[in-house]
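# Overview (structure and organization)
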Amino acid sequence: MRKQGKILYMRFKMQKVWSFSLRIWLFGLVLLSFSACEINRLNQAEELYDAQNYTLAIKQLDDLIKIAKNGAYRTRAELLRGNCYLELGNLAAANQDVPLSIKFYKLANNQNADTELGQTYLRLSQQAYRANNKALAMRYLNDVLREIPESSLVPEVMLRRISILMDEYHDHNSTWEDYKYLHDNFPNNPFELQARRYVAQFIDNNVNYAVTLTESGYFTDALKELFELARYPVVDGENINKLIANVYQAQAEEYIDAQDYLQADRMFRIAIQYDPLKATEIQKRLEDITSLYIQKGNGLMAARDFENALVHYQKVFDIIPDYAPAQEAIRALYKKQEDIARAAQIFKEAERLESSEKYNDALALFRQAQSLDPLPEYQNHIQTMQNVLEAQKNPNVFAQKIINEYKNGQILKRVAAKRAEVLADYKANEIRDSGWKILLSTGQFKYEARYDLLTPNDTFLYVWQVNLRDRSIIPLNRLSEDVLK
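Here the structure is a predicted model, which is why all the values come from computation and not from measurement.

Looking now at the side chain of Thr455. Relative to the helices and strands, Thr455 is located in the loop between strand E3 (446-454) and strand E4 (459-467). Here the side chain of Thr455 touches Asp458 through a polar contact of 2.7 Å, landing on its backbone nitrogen. Filtering out sequence-adjacent residues up to four positions away, Thr455 remains in contact with Val422, Tyr426 and Glu430.

So, about the confidence of the model for the chain. For the chain, per-residue confidence averages 90 on the pLDDT scale, and 93% of positions sit at 70 or higher. This stretch, residues 16-34, has a pLDDT under 50; its non-local contacts, to residues over four places away or in other chains, come to 0 contacts.

Turning our eyes to something else, we now look at the pairing of strand E5 (residues 472-475). As a general feature of sheets, a regular strand has side chains that alternate between the two faces. Inspection of the sheet shows E4 paired to E5 by 4 bridges, in the antiparallel sense. Opposite Gln465, over in E5, you have Ile474 as the bridge partner. Count of turn residues in the E4/E5 antiparallel hairpin: 4 residues, of which Arg471 carries a positive phi of about 65°.

Glancing now at the environment of Ser125. Inspection of the secondary structure assignment puts Ser125 in helix H5 (residues 111-130). Taking relative accessible area as the criterion, Ser125 reaches 4% and is therefore assigned buried. Sequence separation between Ser125 and Asn360 is 235 residues, and the spatial gap between their C-alpha atoms is 107 Å. Among residues more than four places away in sequence, those in contact with Ser125 are Ala137, Tyr140 and Leu141.

Time to look at the pattern of salt bridges. Applying the stated criterion across every chain, the model contains 29 salt bridges. A salt bridge links Glu177 to Lys180, with the shortest nitrogen-to-oxygen separation between them at 3.0 Å. With a gap of 3 residues between them, Glu177 and Lys180 both fall in helix H8 (residues 172-185), about one helical turn apart. Residue Glu177 is classed as partly exposed on the basis of its relative accessible area, which comes to 46%. On the basis of relative accessible area, Lys180 is assigned to the buried category, the value being 8%. A salt bridge links Glu448 to Arg450; the shortest N-O distance between them is 3.7 Å. Exposure remark for Arg450: the relative accessible area of 25% places this residue in the partly exposed category. Sharing partners across several salt bridges, the network here consists of Lys106, Asp143, Arg146 and Glu147.

Thresholds applied
Residues numbered from 1 in each chain as written. Predicted model: local features only at pLDDT ≥ 70, side-chain atom pairs only at ≥ 80, totals over all residues. Heavy atoms only, no water. Helix = DSSP H or I, 4+ residues; strand = E, 2+ residues; numbered from the N terminus. Polar contact = N/O pair within 3.5 Å; in protein donor to acceptor, adjacent residues only side chain to side chain. Contact = heavy atoms within 4.5 Å. pLDDT = per-residue confidence, 0-100. Pairing = 2+ DSSP bridges. Buried < 20%, exposed > 50% of the residue type's maximum accessible area, 1.4 Å probe, protein only. Salt bridge = Lys/Arg side-chain N within 4 Å of Asp/Glu carboxyl O.

Rendered as structure tokens:
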């Protein structure tokens, strides 16, 4: 039973294989049939072409292209159809039917037809020019550039455009753009060489414009103009390089004014690359810059920006190696950093002595710190210690001295003025004048300075708190406050 089933299965597989093979065979026959049909149609079209029956050949080829399965036959058909249109275009041209010839050349869409189309546009442009229709002449030239940009006629077309733009319209900008395109794509072509004489009529204006931009400070725009001019053989290259060098030199001077000496140095060096004759002049200027670097570094060091100061000192060596003033400035910088660090240590010790009320010793250290690093903070502590030591000798006398010296004696003068005013209104025996009194106040090194004037009708009580440590004066009533204003 199993054996019989196996036999049936094998028969079934063989039937499927034969069925598939039969389909492949039939499909091949169909392809051969189509292929034979396509080659027959192509042969018929070629016979029609040879017989100069181009219209019927085109119809036959259009039908073939629509149904062709074979890529090679389709390609041959398309090429043959293009040749048919080319021949029709030639026939139309021979019959002086220019619009029809143009139409056929465009339909042909091959290199030979493009050549004929370009020649046609050129002839039409020349005819229009002779008829004094410059706009139409230009339109036909533009047709060449737009429709067949790869044509070998493009250089001639560009030259003709340039001649019209210059001779008829005096359009320098458009001429310049056309010439750049012509040179960029066809350098040293005979037509490019002829075009140079048109550009020569105005190119000096472009150069002068770049110079004006430079003089006006528009350096980026000036360089753009000059670099563009340098690409083309219609200017003196050596002169353009000198003008480029002038731009970089002018930029360098502006960077110097802005104290950006690094950029100024870079601009000067670029200028020399474009005009080596500037080397001597610029070298002298670079030597001047070294002193500017050092001045800038000194300013930064004074502002305690030691890192950037060192950068400026070291940059000098890029201009003049081992420059002695820069080396000396760097040594001074390192010494200054050491002095600052030492002064901070001494100041800290001085504060400790001050806290221990060893004011003489503290004063000596504050002075030492200030000599190493003259900070206002150190000077303030010196003044405080001097005040404290003077206060310790005779606090009352010192307090009176502070009152006397306030704003060049302002307190004394105004109190004396008030006393004189009172004496003018009352008799001396009617006035009680306390005179100056210095009394101990609350807080260490703080005293009160008092002066009282009493009359039968008014009482004038002046009182200030005087801080002997910092010589500050605080009014303790409104009348005393007014005296300080």
